[in-house]
Structures are given as C-alpha cells and as structure tokens.
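Summary of the model geometry
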Amino acid sequence: MTDTDVVPAAAAGRAKTPPDQRRRAWTVTALLVVFMMVNFADKSVLGLAADPVRRDLGLSASAFGLANSAFFLLFSVCGAAVGLLADRVRPKWLLLTMAVLWSLSQIPLVLGGGLAVLVTSRVLLGAAEGPAFPVAQQTALSWFPDRRRNLPGALIVLGITLGVLVAAPVLTWVIHQHGWRTAVAVVAIAGAVWALLWIPFGGEGAYAAAHDTGTPAPVPADGPDTGAGPDVERTAEGAEAAESAAGAGGGPRGTPYRRIIATRTWIGATAAYFGTYWVIAFCLVWLPSFLHDGLGYSSAASAQLLMLVWGLSGVVVLGQAGLTGWLLRRGTTSRRARGGVGGILMLTGAAACLALPVAPAGAATVVLLVAGFGCAGAMGSVAATTVAELAPADRRGGALGIMNAVVTTAGLIAPTLVGHLVDTHGTAGYRQALLITGVLLLLGGTAAVTLIDPARDARLLSARRADPLAADHDTPLQAA
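A brief look at the structure comes next. Since this is a predicted model, take the numbers as computed values, not measurements. (Residues numbered from 1 in each chain as written. Predicted model: local features only at pLDDT ≥ 70, side-chain atom pairs only at ≥ 80, totals over all residues. Heavy atoms only, no water.)

Grouped together as the largest cluster of nonpolar side chains are 129 residues, with contacts concentrated most on Phe35, Val53, Met98, Tyr277, Leu287 and Phe373. Ranked by residue count, the leading element in this core is helix α2 (residues 19–48), at 14 residues. Once residues lying within four places of it in the same chain are set aside, the contact partners of Phe35 are Leu95, Met98, Trp102, Ala132, Ala136 and Trp194. (Core = buried A, V, L, I, M, F, W, Y, C linked by side-chain atoms within 4.5 Å. Buried < 20%, exposed > 50% of the residue type's maximum accessible area, 1.4 Å probe, protein only. Helix = DSSP H or I, 4+ residues; strand = E, 2+ residues; numbered from the N terminus. Contact = heavy atoms within 4.5 Å.)

Encoded structure:
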C-alpha cells in the first residue's frame, strides 16, 4: 500500500491508545534520547580533549587520528551483528548490555596508560557502541505506527546533538579543571547511571513484532503497569496498528535481508546517511582543532561555535521531523516527504561546505560552517524511519543494523584521513577535508532525492515474494 491509502473505517472507530500507554511510549523514548546523549558524549570526549591528550601522550595529528579511528575498528561489524541479533533477542537487554560495556571499557583509560591503552579502550568502546543507534531506533519506533514515527525517530537523532551540546561545556570544564582522564570517568559513570534507570523503565512497544496484517504484538509485561487490561490495550492499539499497516507499505515478513539491501531505497538512504556520518565524525574529532588551529579562534570561542553547529543541527532535525510528518499527513509520499526533504537539506550542506575553502575569513566562514555541518544532520532520522518503513518488522533490526555498519565506516576513514591531511599540508589540510566533505554530501543528497521510494520498493519486494522466480532475474535496484 502507498502513503495515500486510507485507513479502514473500522480501525478509525476504535478506541485510542490509553494515556498510560502513551506516557510509557514517551518515557521510553526519553530514556533512549539520554542513551544517545551518553553515547555521543563518549565519542566526543577525546575530540574536546585533543590538545591535552596529544601533549600528555606525545601524539602527532596522524597518531591521534588513528587512535580515534580505532574506535570504529569493530564499530561497524558489531553494529551489523547486534542489529541482526535484535530481530531475535529483546532489544531491552541488548541496550542494557551496551550501556554496561561502555562504562567498563573506559575504566582502564581512567586509571592510566599510554597510546596502547587508549587504542584498546577505544576499540572496546566502539564495539559496544556500534549497535547503539539502530537498536535505539528500532526500540523507539516499536512504540509508534509509521505515520507517527518521524518525531520519536528525530528525537533519537536529537540525542546526538544534545549529547554534544551538554558534553562540550561540561566536559571542557572538567578537562581544564581536573584533567582529561577525569572527563572520561564522568562519561563512564553517566553510562552506569543510565543502565540502572533502564532496567525498571525500559522495554519494547506494541509494534516490536507487528505482523503485516497490522496486529500488534503485546507490550512486554516486565515494564511499568499501563493501568489497562491486555484486552483493552490490544483493542486500543488496533487502530494505530491498522494505520501502520496501511501507511507503512513494508515488505512481507520473512523477506531475505539480501533483497532488502538491494532495494534502491535502502541504497539511497545508506549512501545519504554515510555523508551525514562523515560530518559527525569530522565534528567529533577534528572540528574543535579546526576552529582553534585552522581558523584561529580561542578555546572558549571554539566551544561556542561548536555548540552553535550542533544546536543548528538539532533545530534542523526537529524541523525536518515536523515538515515530514505534516507532508505525510497530507498524503505526500515518503519519496518526497522523507527522501526529498532529507536530500535537499544535504544538498544545502554540500553547497556550504564546498564554498567554505574559498570564503573570506570572518562572518562568512562562520555562517557557511554552521550551515554546512548543521544541515547535514537530519539524514540520520530520515534514513532510520525510511528503512523502518520499508523493512518488515521481523527484519527491521537487521536492515537498520546493516545500514549502520556500512554508514559508520565513515567514522573509521574520516579521522585518519583528516589527520593525514593536516600532518601533510598543515592547516591547508582542513580545507581539503572540507572539499571532500562537500562532495560526499553532494553525492548523498543526490542519492536521497533520486533513489528513496519505500512504497515502490515494498511493492517490488512483495511481488518477488509472491513470485520467487522473478527474484532470480532482477533485483529491486534494477527495476525502476
């Protein structure tokens, strides 16, 4: 079914979801936002402490970039593996395990050691954090039907921005007053506190294993009582489940992963999200140094500009969610509401990044920097909700996990490449890195606009499921 199909009248006449059920959905979403905040505070701490770490450990720019890239050594592999596992094991326990491992992996770095301990700690932390985004998105979206997923999906992405916005001033103060190892201890403690809160309050929603007929799975009973009996809840959720089935257009249950990832929609969303993640890696590792060393801003001014970049990114993410939700409610297809809106934002960021190296110093540079990096962030939410719309519920975790594994290779490549450029060309290396970033955003935005169309690809997946022989002759990528 397409985005313009009408929800059956029978479903529309049923009771709405009980208020307690809605409250729990937003409570879980809020916890997952904090989860992503801690996740990106972990990632950003070394970038904020770049100069002290390099002085303390005697690292060149290339060595420091390599140490940060080590974080992504197992990040992608574990993201894909745990994403597939999330289709078989309850995400609640996977998320809890991740948070505990985050804290444990950072203890050796808090206690001391040199480059070897730094690299080992970051590799282990990256392995534990690799599955965080796809499993958090899968869990949050399991509480909402497709047409209501834009805001919770955007809020999970907003957790990235909030994590950096909170981490930048707090951790910078801790680094200057108590040292960078203390800052690492702070984020490790934050992960442990989150794990203690997740145990009683976390869980999956009614759409965690929804059948394609629109019947939601019952909410797990280990969370807080919703205040309504199971029969009442199932009846109340039936309307939203029918809405999800009518609007999502997902492929049939049991669709092989290889067919999902061969669709133009999955490829377009992944290519676009790769560009976004490249920007994220650049911002986390090298943007503070670029602002200080490349543009000559003081540490305080650099921190303020960093917060401005991430702040605009948060505004863009929420604005995209609101606009996309409004378009979907008006009957606009996901091709335009998700792929079109996300792609245009990326193309805007690309234009700004490509103009940065030749812009005059001063206000123009600041405006282009903030616009270029700030506009690119929304694609994370667009990609997640698009793939969740395309993939059937029993393949959603794997489809998101494999996408995340491909995308986060940008985090492995970007820090090392930028570090090499800076070592080789000095501050001019930053300008070359910005040009590469602009090209990647240009390619990603073009892919989003031209390839994303979940309704079309869901129909192709359904057709190939009904006629297996057709899948042997062509793939959804080959059929327009």
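Before going further, it helps to examine the packing of helix α20 (residues 409–425) against helix α21 (residues 428–451). Relative orientation of the contacting elements α20 and α21 amounts to 145°, with a least axis distance of 7 Å. Helix-helix and strand crossings are classified by hand; for α20 and α21 the assignment is right-handed. Contacts between α20 and α21 involve Leu417, Val418, Leu421, Val422 and His425 from the first element and Ala428, Gly429, Tyr430, Gln432, Ala433 and Ile436 from the second. A breakdown of the residues in the contact of α20 with α21 according to their chemical character gives eight nonpolar, three polar and no charged. (Axes fitted to C-alpha atoms, helices over the stretch in contact; angles between N-to-C directions. Left-handed = near helix turned anticlockwise from the far one by under 90°. Nonpolar A, V, L, I, M, F, W, Y, C, P; charged D, E, K, R; others polar.)

A word on the environment of Gly380. With respect to the helices and strands, Gly380 occurs in helix α18 (residues 379–390). Residues Gly380 and Ala272, spaced 108 residues apart in sequence, show a C-alpha to C-alpha distance of 8.6 Å. Beyond its immediate sequence surroundings of up to four residues, Gly380 is in contact with Phe133, Val157, Tyr273 and Thr276.

Below, the discussion takes up α20. For α20, built from 17 residues, the straight-helix expectation of 24 Å at 1.5 Å per residue is met to within 8% by its first-to-last C-alpha distance of 24 Å. Buried within α20 we find Ala410, Gly411, Ala414, Pro415, Val418, Gly419, Leu421 and Val422. The arc that holds the buried residues of α20, viewed along the axis, is 160°, so those residues lie on one side. Those residues of α20 that are buried are in contact with α4 (61–70), α13 (264–285), α19 (396–407) and α21. Gly426, located one to two residues past α20, shows a positive phi value of around 70°. (Expected span 1.5 Å × (residues − 1). Arc of directions from axis to C-beta.)

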